[in-house]
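Geometric and topological summary
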Amino acid sequence: MKDISKTNTKNSVKHVLFGSLIGTTIEFFDFYIYANAAVLVFPQLFFPSSDTTMATLQSLATFSIAFLSRPLGSAFFGHYGDKIGRKFTLVAALLTMGISTVTIGFLPSYASIGIAAPLLLMLCRFGQGVGLGGEWGGAVLLAIENAPPHKRAWYGMFPQLGAPIGLLLSGGTFLILTDTMTNEDFMDYGWRIPFIGSSLLVLVGFYIRLKITETPAFENSKAEQQEVKIPFFTLLKSYKNQLVFGTFAAVTAFLVFYLMTVFTLSWATSDLGYSKRDFLLIQLFSVLFFAFFIPVSALLADKIGRRKMLIVATIAIGIFGFSFSYFLNSGSTVLVVFFLCTGMSLMGLTYGPLGTFLSELFPTSVRYSGASLTFNLAGILGAAFAPMIAIYLASTYSLTYVGFYLTLAACISLFALLVISKEEHKF
């Protein structure tokens, strides 16, 4: 096969990397504004209850729906991404996510239409999951299938940067709104602004995605007639090892992230006495460490290997799990800030090379489906119910058990990384 890194003249490096980054930034912005609202808004407006903990748990249950629907998006968009190309699929996934998010901004509350309100909210959250399930894998492939072999992790980290950037944008938006509006106005209409406003970002992403041409790896695969009839069935038949252990390898990345964001926001504002504003500021500061260590981990992964980088990060996360109670129960804001910054730094170290690692497990003909499914199945195991499980463990036992929960997940991921079958596939 000819060296695609030298023959691709259709997409400039800048165009490819910005195209992969802008899409995931928009998708994760949409995804995270729901996470913020699930803690700060939805318990009061969509799940009224005399028990605030129960209302929060019900709201977080809708948060988990997107993780359950993400594998469906992976299978659906992955099928067409492997059959007809990355470009069309990325545009369709972006629109699916965008329409679902904007619709949430127009939903009436429980007080207006009763039980139909949370049901419609769940439907929109389902759509968000389907869209993101199709977006992530395609964005990563857009980057790494245009990358030179010695820079795949570096190229592959650009779509990963969409996560911290999207989180900064969503958290910053909620912070500005809560600072500039009364609580009554915010709960009445202010929370809707980021959902509806995301339509502008979707239009920008839609325009950029339309200008990108197909990846050379996919074009070469089509030219050599490597296409498979049904990618999903091929994965189950020939790549079960990669699917299963790739999924478990990615579980810890999801868990550490949602413990550092959704769980800590809920716990700190309900049990540790922090105001929502103060803790959002702490979280946004910690996200800077997340963003910083993504490129650091990518550079290291290109030097020592993607699997070795993930093994080191996973061991560090497992050790970090033992610190939960000490830091969060310390009563010291300085220690809490240090705790969040450390957790987000570890998240960056494991998240940076993850997309490249999962993509390299599969050949071009099933890569979109394979990488997307492993990533999003890991989302179900590591994140779908993580905030609820963590709140239950902390409320029923103690914060120490939340840390044990993370350490156990890290042990599972470490085992998967050690035993997974990793063979080189052509790009």
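Scroll up for the structure.
In terms of helices and strands, the protein carries 22 helices and 0 strands. A globule of 427 residues ought to have a C-alpha radius of gyration of about 22 Å, and the protein, at 21 Å, matches this closely. The principal-axis extents of the C-alpha atoms in the protein amount to approximately 65 × 45 × 35 Å. For the protein, with 427 residues in total, the buried portion stands at 60%. Relative to all contacts within the protein whose residues are 6 or more apart in sequence, the contacts with residues 24 or more apart total 86%.

For the rest of this paragraph, the subject is a nonpolar patch on the surface. A grouping of Val244, Phe248, Leu381, Leu408 and Ile412 is seen on the molecular surface, where their side chains present a nonpolar patch of about 430 Å² in accessible area. Listing elements by their share of the nonpolar patch, those giving two or more residues are helix H14 (240-270) and helix H22 (399-419). Here Phe248 lies in helix H14.

Put simply, helix H10 (residues 183-190) and helix H11 (residues 192-211) touch, their axes get as near as 7 Å, and they point 40° apart. For the element pair H10 / H11, the angle class is oblique. The segment H10 lies against H11, with Asp188, Tyr189 and Gly190 engaging Arg192, Ile193 and Pro194. Of the residues contributing to the contact of H10 with H11, the split by class is 3 nonpolar, 1 polar and 2 charged.

This structure, assessed with the given rule, holds 6 salt bridges. Its salt-bridge partner being Glu360, residue Arg152 comes within 3.3 Å of it at the nearest N-O pair. One end of the pair, Arg152, is in helix H8 (residues 152-160); the other, Glu360, is in the loop between helix H19 (354-359) and helix H20 (367-384), and 208 residues separate them in sequence. For Glu360, a relative accessible area of 3% translates into the label buried. In this structure, Asp179 engages Arg277 in a salt bridge whose closest nitrogen and oxygen atoms are separated by 2.7 Å. Taken as a pair, Asp179 in helix H9 (residues 162-180) and Arg277 in helix H15 (residues 276-304) lie far apart in primary sequence, 98 residues in all. Three or more residues joined by partner-sharing salt bridges are found here, namely Arg152, Asp302, Arg306 and Glu360.

A few words on the side chain of Ser20. As for its position among the elements, Ser20 is in helix H2 (residues 13-40). There is a polar contact of 2.9 Å between the side chain of Ser20 and the backbone oxygen of Leu17.

On the secondary structure map, Thr374 appears in helix H20. Only 2.9 Å separates the side chain of Thr374 from the backbone oxygen of Ala371, close enough to count as a polar contact. Not counting the four nearest positions on each side in its chain, Thr374 is found in contact with Gln242, Leu243, Gly246, Thr247, Leu358 and Phe362.

Turning our eyes to something else, we now look at the packing of aromatic side chains. Within the structure shown, the criterion is met by 37 aromatic pairs. Both rings, one in Trp191 and one in Phe195, keep their centres 5.8 Å apart while their planes meet at 80°; by these two values the pair is edge-to-face. On the basis of relative accessibility, which here comes to 0%, the residue Trp191 falls in the buried class. Given a relative accessible area of 0%, Phe195 falls into the buried group. Relative to Phe404, the ring of Phe322 has its centre 6.1 Å away and its plane inclined at 70°; by these criteria the two rings are edge-to-face. With Phe322 in the loop between helix H16 (306-320) and helix H17 (324-328) and Phe404 in helix H22, this residue pair connects regions lying 82 residues apart in the sequence. Members of the aromatic cluster, joined through ring pairs, are Phe28, Tyr32, Phe67, Trp136, Phe254, Phe257, Tyr258, Phe290, Tyr351 and Phe375.

General note: in soluble globular proteins, nonpolar side chains tend to be found buried as a group. Within the largest apolar cluster, 130 residues are counted, with the highest numbers of intra-cluster contacts made by Val41, Phe42, Tyr258 and Tyr351. Take this core: its biggest share by element is 17 residues, from H14. Ignoring anything within four residues of it in the chain, the contact list for Phe42 reads Tyr34, Ala37, Phe47, Ser59, Ile104, Leu121, Trp191 and Phe195.

What follows deals with the environment of Ala75. Relative to the helices and strands, Ala75 resides in helix H4 (residues 52-83). According to the relative accessible area criterion, Ala75 is partly exposed, its value standing at 28%. Spatially, the C-alpha atoms of Ala75 and Ala313 are 29 Å apart, while their sequence positions differ by 238 residues.

The next thing to look at is helix H21 (residues 386-396). Ala386, Pro387, Met388, Ala390, Ile391, Leu393 and Ala394 are the residues of H21 that are buried. Next to the buried residues of H21 lie H4, H14, H20 and H22.

Attention now goes to H20. The end-to-end C-alpha distance of H20 is 24 Å, a good match for the 26 Å that 18 residues give at a rise of 1.5 Å each. Extensive coverage of H20 is indicated by the burial of 15 of its 18 residues.

Cut-offs used in this document
Residues numbered from 1 in each chain as written. Predicted model: local features only at pLDDT ≥ 70, side-chain atom pairs only at ≥ 80, totals over all residues. Heavy atoms only, no water. Helix = DSSP H or I, 4+ residues; strand = E, 2+ residues; numbered from the N terminus. Rg over C-alpha atoms; globule rule 2.2 N^0.38 Å. Buried < 20%, exposed > 50% of the residue type's maximum accessible area, 1.4 Å probe, protein only. Contact = heavy atoms within 4.5 Å. Patch = residues over 30% accessible without salt bridge, like charges linked within 9 Å, V, L, I, M, F, W, Y side chains within 5 Å. Areas by Shrake-Rupley, 256 points an atom, 1.4 Å probe, with all protein chains shown as cover. Salt bridge = Lys/Arg side-chain N within 4 Å of Asp/Glu carboxyl O. Axes fitted to C-alpha atoms, helices over the stretch in contact; angles between N-to-C directions. Parallel < 35°, antiparallel > 145°, perpendicular 65-115°, else oblique. Nonpolar A, V, L, I, M, F, W, Y, C, P; charged D, E, K, R; others polar. Polar contact = N/O pair within 3.5 Å; in protein donor to acceptor, adjacent residues only side chain to side chain. Phe/Tyr/Trp six-rings, centres within 6.5 Å; stacked < 30°, edge-to-face > 60°. Core = buried A, V, L, I, M, F, W, Y, C linked by side-chain atoms within 4.5 Å. Expected span 1.5 Å × (residues − 1).

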